[in-house]
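Descriptive analysis of the structure
Now for the letters of each chain:
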Amino acid sequence: MELFQGFQTIVLYALGAGALACEVFAFVDALRNPEAAYLAAGKRTRTFWLVLLGVAMALGVVTLASLNLFALLGFVAAAVYLADVRPALRQVRGRGGRSSGW
């Protein structure tokens, strides 16, 4: 039983570290984009995303080795930014996005 608990702890730390890495990446990416890009993409303001992702990072640090509602909320905030806002910002700024030839 003790071996299983050790394995479970390792898995929880790995999941927490992966979620924290996503949250840090999202925060740094949000810092790199100017306010005008958020407005041009029709998304919430840069300040909104920086505050939200900053809180997500703080929750990620505090809940590193636990799976609870706060850890999940922090990860979901980063995931929404990465899946919805980041592609829109990249398209507006002319980097990435889909080709107009298709």
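Structure's up top.
Let me begin by describing the structure that accompanies this report. All residue numbers refer to position in the chain's written sequence, counted from 1. At least 70 in pLDDT is required for a residue's local features to be given in this predicted model, at least 80 for side-chain atom pairs to be given and counted, and no such filter applies to totals for whole chains, interfaces and linings, which use all residues. As a convention, hydrogens and water are excluded, and side-chain values are obtained from all of the structure's heavy atoms.

1. A short note on the packing of aromatic side chains
Pairs were defined over the aromatic rings of Phe, Tyr and Trp, the Trp ring being its six-membered one, requiring ring centres within 6.5 Å. Orientation was assigned from the angle between planes: stacked under 30 degrees, edge-to-face over 60, tilted for the rest. Counted under the stated rule, the structure contains 2 aromatic pairs. One aromatic cluster is present, built from ring pairs that chain together Phe48, Trp49 and Tyr81. For a Lys NZ or an Arg CZ to count as sitting over a ring, it must be within 6 Å of the ring centre and within 35 degrees of the ring normal. The cationic tip of arginine 44 hangs over the ring face of phenylalanine 48; the distance from NZ or CZ to the ring centre is 4.6 Å.

2. Regarding the environment of valine 80
Helix and strand definitions follow DSSP, with helices as H or I runs of at least four residues and strands as E runs of at least two, each counted in order from the N terminus. Note on placement: valine 80 falls in helix H4 (residues 69–92). Between the C-alpha atoms of valine 80 and lysine 43, which are 37 residues apart in sequence, the distance is 12 Å. Note on contacts: a residue pair is in contact if any heavy atoms of the two residues lie within 4.5 Å. In this view, valine 80 contacts Trp49 and Val85; residues no more than four positions away in its chain are not counted.

3. Digging into the environment of leucine 67
Structurally, leucine 67 is set in the loop between helix H3 (46–62) and H4. Along the primary structure leucine 67 and leucine 12 are separated by 55 residues, whereas in three dimensions their C-alpha atoms are 7.3 Å apart.

4. Some points on the nonpolar core
Only buried residues count toward a nonpolar core, which is a set of Ala, Val, Leu, Ile, Met, Phe, Trp, Tyr and Cys residues joined through side-chain atoms within 4.5 Å. Exposure classes here rest on a 1.4 Å probe applied to the protein chains alone. A residue is buried below 20% of its type maximum, exposed above 50%, and partly exposed in between. Core analysis: the largest hydrophobic core is formed by 15 residues, its most contacted members being Ala30, Tyr38, Trp49, Leu53, Tyr81, Val85 and Leu89. Broken down by secondary-structure element, the contributors of at least two residues to this core are helix H1 (2–32), helix H2 (35–40), H3 and H4. The element that contributes the greatest number of residues to this core is H4, accounting for 5 residues. Residues within four places of tyrosine 38 in sequence aside, it is in contact with Ala30, Asn33, Lys43, Arg44, Thr45, Arg46, Trp49, Tyr81, Val85 and Leu89.

Everything listed is a geometric property; what it means functionally is a separate question.
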